Amino acid sequence: MEWTGARYADKPTVEVRTWIDAPPDRVWPLVSDIGLMPDLSDELQSVEWLDGAEEPAVGARFLGRNKHRALGEWQTTSHVVECVPGTVFAWAVGTPADPAAVWRFRLEPRDGGTELTQWMQLGPGRSGLSMAIDRMPDKEQKIVFVRLRELECGITATLEKIKERAES
């Protein structure tokens, strides 16, 4: 990741792609299973559907518990904002109108397999990162850059694990 000088209010994003030697219908169950995500992430510790939901659908909510060496432990409520089986699964962390983050998996058939993209956007709603920026406003751009770089590494690792599972 190259330095962008982005600030939190810019709603900076990170995106990573990989090609998987498996069709989208084999990849979809992996990316849409929120219960699997803690196995694929160092930061996400656990998730559970809320309000009786059992699978992703627009409007469904889930609770996520996270842990980070510098940010500590926290939990969030996410709302599914896009869900097209075999194509896209996205959720907003916090309120959809003012999310702390937005995450998206996109699947596209390509060359007999699947191009899988994971994208995320920081902000514009407040998050733990906002609190760090409040404490050190003169370092905002560096804080945002370091967090985006961490997220890019985490997303890369997640996609590698999904690829391994889908291709096995």
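No experiment lies behind these values; they were computed from the predicted model shown.

Calculation rules
- Residues numbered from 1 in each chain as written.
- Predicted model: local features only at pLDDT ≥ 70, side-chain atom pairs only at ≥ 80, totals over all residues.
- Heavy atoms only, no water.
- Helix = DSSP H or I, 4+ residues; strand = E, 2+ residues; numbered from the N terminus.
- Rg over C-alpha atoms; globule rule 2.2 N^0.38 Å.
- Contact = heavy atoms within 4.5 Å.
- Areas by Shrake-Rupley, 256 points an atom, 1.4 Å probe, with all protein chains shown as cover.
- Buried < 20%, exposed > 50% of the residue type's maximum accessible area, 1.4 Å probe, protein only.
- Core = buried A, V, L, I, M, F, W, Y, C linked by side-chain atoms within 4.5 Å.

Caption draft 1: Expanded view of the overall build of the chain. Regarding its fold elements, the chain presents 4 helices and 7 strands. Counting from the amino terminus, the chain carries its helices and strands in the arrangement β-α-α-β-β-β-β-β-β-α-α. Here the C-alpha atoms of the chain give a radius of gyration of 16 Å, agreeing with the 15 Å that 2.2 N^0.38 yields for 168 residues. The dimensions of the chain, computed from C-alpha atoms along their principal axes, are 50 × 40 × 25 Å. Within the chain, contacts between residues at least 6 apart in sequence are counted, and of these 52% link residues at least 24 apart. Summed over all atoms, the accessible surface of the chain reaches about 8,900 Å², with 49% contributed by carbon and sulfur.

Caption draft 2: Examining unusual backbone geometry more closely. Residues G123 and P124 are joined by a peptide bond in cis, for which omega reads 15°. With respect to the element layout, P124 can be found in the loop between strand 7 (113–122) and helix 3 (128–135). The phi dihedral of D51 is positive, around 60°, even though this residue is not glycine. Tracing the backbone shows D51 in the loop between strand 2 (44–49) and strand 3 (61–68). The exposure class of D51 is exposed, given its relative accessible area of 63%. Of note in this structure, D111 is not a glycine but carries a positive phi near 55°. Here D111 is to be found in the loop between strand 6 (101–110) and strand 7.

Caption draft 3: The arrangement of the nonpolar core in detail. Within the largest apolar cluster, 43 residues are counted, with the highest numbers of intra-cluster contacts made by V27, F105, L116 and I162. Considering every element that reaches this core, the biggest residue donor is helix 4 (residues 140–167), with 8 residues. The contacts of F105, once residues within four sequence positions are left out, are V31, M37, T87, V88, F89, W91, L116, T117, Q118, L159 and I162.

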